[in-house]
Amino acid sequence: MKIVRTPAAMSRLAAAWDRRVVLVPTMGALHAGHLALIHRARQAAGPDGAVVVSIFVNPTQFGPREDLAKYPRPFRRDLAVCRQYGADVVFHPEAEAMYADGHSIVVDETLLSGGLCGQSRPGHFRGVCTVVAKLFNLVRPHAAVFGMKDYQQLAIIRRMVRDLNFPLEVIAGETVREPDGLALSSRNVYLTPQERKQAPVLRRALLLAQESFRAGERDATVLRFLLENELSGAPLARVDYAEIVGAADLQPVARIEKPAAMALAVFFGKTRLIDNIVVQPARSKRPPPRSRKTP
Ligand code: PAF
């Protein structure tokens, strides 16, 4: 496994690719969720392809009061994990090399990033899009894998790839969960034992709302009430948002007539957890065309 530490070296390596390359962008602190993404990348790359894992805690996607300084950085452990799971290249640049002095160009998505996490974390998706665009330019992958837990991020990256004509495929990786349903996240390590005990309430609330949707409920106000009601049973949970939005445009819906995402962000102390479920109304069967009698 090759470790590449500078953007210039990454660019040189990418210029010489003669095989299919799949990128897994990460901020490190790798857990089983990332391993599933690396595994998915390996499948997508094929036996002769290369899997590149980027490990970069991107400062521009953290707000001033967020956890950039204390974000976990177990780099040696991450390297061992990448090696074990068959990554071919780990790209691990320094922030100063990624963002030269006076770096003044950003990538701003203007439609999908307004609500949900974009509303609670102003500037977050500008930071994500900017760094992911830079990673795409440096690594030049044929495909890149992003987790479905970060549903809004996945939708925005897809839009960026489409709108900025990046010649690559975006692959969605399934969310990996603890046995009690908590979605794996590098931030779960911040939870106190009591918070950890209550954290699976996100998944429970989503499953409850999904069950009601499956039983025929389409009113978003009712479904949101179910989500909030279940979350209120966890005394340490502070809801940031509980929203129901169109799966493609991420705009709030009043009724679910098209595929929709039920999305949650919940604070436990200072730790903010997110999760989501996508629901799809069954396509209504069109009545067969009436046969016209020919005169
Ligand atoms: O999902 C993440 O870990 C980050 O937002 C990403 C995509 C690696 C960009 O820094």
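Summarised in this report is the structure supplied together with it. (Residues numbered from 1 in each chain as written. Predicted model: local features only at pLDDT ≥ 70, side-chain atom pairs only at ≥ 80, totals over all residues. Heavy atoms only, no water.)

**Focus: the site of the ligand**
Here is step 1: In the region of the ligand, the neighbouring residues are Pro-25, Thr-26, Met-27, Asn-58, Gln-61, Val-128, Val-131, Phe-146 and Gln-153.
Here is step 2: A distance of 2.6 Å separates an oxygen atom of the ligand from a polar side-chain atom of Gln-61.
Here is step 3: For the ligand, an oxygen atom lies 2.8 Å from a polar atom in the side chain of Gln-153.
Here is step 4: Starting from 290 Å² of accessible surface for the ligand in isolation, the protein chains cover 88%.
Here is step 5: Elements with a minimum of two residues in the shell around the ligand: strand E2 (21–26) and helix H6 (124–139).
Here is step 6: A per-class count over the shell around the ligand returns 5 nonpolar, 4 polar and no charged. (Near = heavy atom within 4 Å. Polar contact = N/O pair within 3.5 Å; in protein donor to acceptor, adjacent residues only side chain to side chain. Areas by Shrake-Rupley, 256 points an atom, 1.4 Å probe, with all protein chains shown as cover. Helix = DSSP H or I, 4+ residues; strand = E, 2+ residues; numbered from the N terminus. Nonpolar A, V, L, I, M, F, W, Y, C, P; charged D, E, K, R; others polar.)

**Overview of the sheet that holds strand E8 (residues 260–268)**
Here is step 1: The strand order E7-E8-E9 describes an open sheet built from 3 strands, whose pairing is antiparallel. Each having just a single partner strand, strand E7 (237–246) and strand E9 (271–279) make up the two edges of the open sheet. Across this sheet, the average inter-strand angle for adjacent strands is 15°, counted without regard to direction.
Here is step 2: Taken together, the 9 bridges between E8 and E9 define a ladder with antiparallel strand orientation. Counted as the bridge partner of Ala-263 is Asn-276 from E9.
Here is step 3: Along the sheet, helix H9 (residues 201–214) makes contact with E8 and E9, crossing E9 at roughly 20°. (Pairing = 2+ DSSP bridges. Axes fitted to C-alpha atoms, helices over the stretch in contact; angles between N-to-C directions. Contact = heavy atoms within 4.5 Å.)

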